[in-house]
Amino acid sequence: MENKKKHIAILGSTGSIGTQALEVIKSHSDKFVAEVLTANNSVDLLIQQAIEFQPNVVVIGNEDEYDRVFDVLNPHDIKVYAGENALSSVVEMDSIDMVLTALVGYSGLKPTLKAIEAGKNIALANKETMVVAGDLISRMAYEKGVNIYPVDSEHSAIFQCIVGEFNNPIEKIILTASGGPFRGRNRTELENVTVKEALKHPNWDMGAKITIDSATLMNKGLEVIEAKWLFNVDVSKIEVIVHPQSIIHSMVQFEDGSIKAQMGLPDMKLPIQYAISYPQRISSNFPRFNFTDYPSLTFEQPDTNTFRNLDFAFEALKKGGNIPCVLNAANEIAVQLFLEEKVGFLEMSDIIESCMAKMPYICNPLFEDYVHTDKETRIIAKEITV
Ligand code: MN
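Draft legend 1. Fine view of the overall build of the protein chain. In terms of helices and strands, the protein chain carries 16 helices and eleven strands. Relative to a compact globule of 386 residues, whose C-alpha radius of gyration would be 21 Å, the protein chain shows 20 Å and is just as compact. For the protein chain, the spread of C-alpha atoms along the three principal axes comes to 60 × 50 × 40 Å. Looking at the 386 residues of the protein chain, the share that counts as buried comes to 54%. Taken as a whole, the protein chain presents about 17300 Å² of accessible surface, with 48% of it coming from carbon and sulfur. Within the protein chain, the 52 negative side-chain charges are centred at a point lying 2 Å from the centre of the 35 positive side-chain charges.

Draft legend 2. Broad picture of the sheet that holds strand β11 (residues 259-263). Here we have four strands laid out as an open sheet, ordered β9-β8-β10-β11, and mixed in their pairing. With one partner strand each, in any of the chains shown, β9 (238-242) and β11 form the two edges of the open sheet. Neighbour-to-neighbour, the strand axes of the sheet open up by a mean angle of 20°, direction not taken into account. Where strand β8 (residues 170-177) meets β9, five bridges bridge the pair, whose relative direction is parallel.

Draft legend 3. Structural detail: the coordination of the manganese ion. Within the protein, the manganese ion binds to Asp152 (OD), Glu154 (OE) and Glu223 (OE); these donor distances fall in the range 2.1 Å. With relative accessibility at 1%, the residue Glu223 sits in the buried group.

Draft legend 4. Summary view of the nonpolar core. Membership of the largest hydrophobic core comes to 125 residues, with the highest contact counts inside it found for Ile25, Ile148, Val151, Leu327 and Phe345. When residues of this core are assigned to domains, at least three fall in each of domain 1 (6-150) and domain 2 (176-265 + 302-319). If near-sequence neighbours (up to four positions away) are discounted, Phe345 is found in contact with Phe182, Leu190, Val193, Ala215, Thr216, Phe307 and Phe338.

Draft legend 5. Representation of the sheet that holds strand β1 (residues 6-11) in the model. If you walk across this open sheet you meet the seven strands as β4-β3-β2-β1-β5-β6-β7, and the pairing is parallel. The open sheet has two free edges, formed respectively by β4 (79-82) and β7 (148-150), since each of these has just one partner strand. This sheet shows a mean twist of 20° between the axes of neighbouring strands, independent of strand direction. When strand β3 (residues 57-60) meets β4, the two strands line up parallel, connected through four bridges.

Draft legend 6. Examining the packing of helix α10 (residues 208-216) against helix α11 (residues 218-231) more closely. Taken N-terminus to C-terminus, the directions of α10 and α11 make an angle of 95°; their axes are 5 Å apart at the nearest point. Taken as axis vectors, α10 and α11 run roughly perpendicular relative to one another. Across from Lys209, Ile210, Asp213, Ser214 and Thr216 in α10, the residues of α11 making contact are Met218, Asn219 and Leu222. The residue makeup of the contact of α10 with α11, split by class, is three nonpolar, three polar and two charged.

Draft legend 7. Spatial organisation of the pairing of strand β6 (residues 121-124). Sheet topology note: the strand β5 (residues 98-101)/β6 ladder contains four bridges and is parallel. Each residue of the ladder has a partner; that of Met98, found in β6, is Asn121. Once the chain exits β5 it traverses helix α5 (residues 109-117) before rejoining the sheet at β6, and the crossover so formed is right-handed. As paired strands, β6 and β7 are joined by three bridges and run parallel to one another. The residue bridging Ala123 from the neighbouring strand is Tyr149, located in β7.

Draft legend 8. Region of the structure containing the pattern of salt bridges. In total, this model carries 24 salt bridges according to the counting rule given. Lys260 serves as the salt-bridge partner of Glu165, at 2.7 Å between the closest nitrogen and oxygen. You can see Glu165 sitting in the loop between α7 (153-162) and β8 and its partner Lys260 sitting in strand β11, a full 95 residues away along the chain. Residues Glu340 and Lys342 are paired through a salt bridge, measuring 3.0 Å at the closest nitrogen-oxygen approach.

Draft legend 9. Inspection of the environment of Asn285 at higher detail. Among the secondary structure elements, Asn285 is positioned in the loop between α12 (269-277) and α13 (309-319). Residues Asn285 and Ser27 lie 258 residues apart in sequence; the distance between their C-alpha atoms is 9.5 Å.

Draft legend 10. Fine view of the domain arrangement of the protein chain. Each assigned domain of the protein chain is listed with its residue range as follows: domain 1 (6-150) and domain 2 (176-265 + 302-319). Of note, the centres of domain 1 and domain 2, computed from C-alpha atoms alone, are 27 Å apart. Taken together, the twelve residues of domain 1 in the interface contact 13 residues of domain 2. Here domain 1 packs against domain 2, burying approximately 1000 Å² in sum over the two surfaces, 71% of which is carbon and sulfur. Between the two partners, domain 1 and domain 2, sit two salt bridges. Across the pair Lys127 and Glu223 runs a salt bridge, and its minimum N-O distance is 2.8 Å.

Draft legend 11. The arrangement of the pairing of β8 in detail. Burial analysis of β8 places six of its eight residues in the buried class, the great majority of the element. Direction of pairing for β8 relative to strand β10 (residues 248-254): antiparallel, over a ladder of four bridges. Bridging across to β10, Ile173 finds its partner in Val252.

Reading the values: rules and limits
Residues numbered from 1 in each chain as written. Predicted model: local features only at pLDDT ≥ 70, side-chain atom pairs only at ≥ 80, totals over all residues. Heavy atoms only, no water. Helix = DSSP H or I, 4+ residues; strand = E, 2+ residues; numbered from the N terminus. Rg over C-alpha atoms; globule rule 2.2 N^0.38 Å. Buried < 20%, exposed > 50% of the residue type's maximum accessible area, 1.4 Å probe, protein only. Areas by Shrake-Rupley, 256 points an atom, 1.4 Å probe, with all protein chains shown as cover. Lys, Arg positive; Asp, Glu negative; His and termini not counted. Charge placed at Lys NZ, Arg CZ, Asp CG, Glu CD. Pairing = 2+ DSSP bridges. Axes fitted to C-alpha atoms, helices over the stretch in contact; angles between N-to-C directions. Donors = N, O, S within 2.8 Å, 3.2 Å for Na, K, Ca; no water. Core = buried A, V, L, I, M, F, W, Y, C linked by side-chain atoms within 4.5 Å. Domains from an automatic or database assignment. Contact = heavy atoms within 4.5 Å. Parallel < 35°, antiparallel > 145°, perpendicular 65-115°, else oblique. Nonpolar A, V, L, I, M, F, W, Y, C, P; charged D, E, K, R; others polar. Right-handed = clockwise from strand over helix to strand, strands pointing away. Salt bridge = Lys/Arg side-chain N within 4 Å of Asp/Glu carboxyl O. Buried area = accessible area lost by both parts, 1.4 Å probe.

Here it is in structure tokens:
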């Protein structure tokens with residue numbers, strides 16, 4: 001008797017997480033089917049993936065590319081849609097069991113909300129969605145009985161630590177951070193670092209946006225906010241510790257003082273696989289960790305005088321309301337401007353700080369407030385640098 005396969009919609013299938021998710025699906029084709037694949041602009045890769053995985057539907061974000069994708073995939077009996085709205089409507093398809101949100105940044109918010117509204121379980125790789133509107137997302141997931149499984153390695157680690165703990169309270173979440181490529185440097189040394197240097201992450205091979213976020217420690221700040229909403233813990237119970245080897249992916253301390261850690265070589269395929277196979281653990285041929293290869297695992301405090309973004313994230317989370325949304329939008333613009341070599345490395349923090357000071361505070365934002373806050377913050381962020 002064949003078990004029913006899990007049909008997965010991958011939003012952002014051509015990015016780093018998306019391509020690795022397809023590797024996982026390919027190696028467990030008895031369990032998973034790629035039901036929907038989507039990309040913004042990577043037409044060639046999207047077409048190649050669609051021909052190999054034969055999804056029911058593909059969505060190309062850039063509407064100008066629709067004809068090209070349609071002409072190739074129509075003979076394969078694959079439906080093709082284009083545009084941002086298509087993304088938000090395909091997630092409602094009856095044939096989808098789970099939606100993997102691997103979009104980058106704010107763009108993930110609306111389709112994720114639509115998927116939750118449609119009652120789909122979420123494998124969440126798009127942390128910005130939780131940063132922008134964690135309150136709204138978690139409330140709606142609760143109302144719809146939808147589970148959100150973390151794909152982010154730290155949050156997967158935390159999730160793996162609390163599985164089997166029933167309702168035992170969490171005393172503390174300890175998020176580990178690699179420290180990024182500039183760990184140990186001071187502000188003077190960071191004034192003139194190049195985009196190329198910032199894109200060289202010591203342990204993880206990821207997309208450009210998250211790699212820059214790792215270099216500034218903003219990635220860890222976003223993850224603090226993500227952890228708050230995923231695990232419903234107060235900000236005072238979340239700590240960040242720098243662990244340059246990236247072997248311990250995060251830890252949970254319980255009320256008896258016991259600490260659980262989840263360990264392994266840095267490989268995103270593991271948290272992706274766990275998110276889509278939970279509660280089962282299924283086999284993998286990922287390289288195994290060998291303790292004697294890492295005789296010393298080390299830990300240090302994050303240097304928030306140099307990497308100010310981490311403190312901004314804690315501040316945004318404490319203020320709440322629309323301020324995490326401001327933080328996120330300002331950061332997306334700052335990273336974009338840095339990648340375009342229009343601002344320096346340290347100026348990214350200045351942009352975020354100014355936006356957080358300038359944007360009006362909204363205590364209990366509705367969806368429209370988030371949309372408005374995001375839009376306004378982007379305008380202000382760009383004005384600062386003119
Ligand atoms: Mn992470």
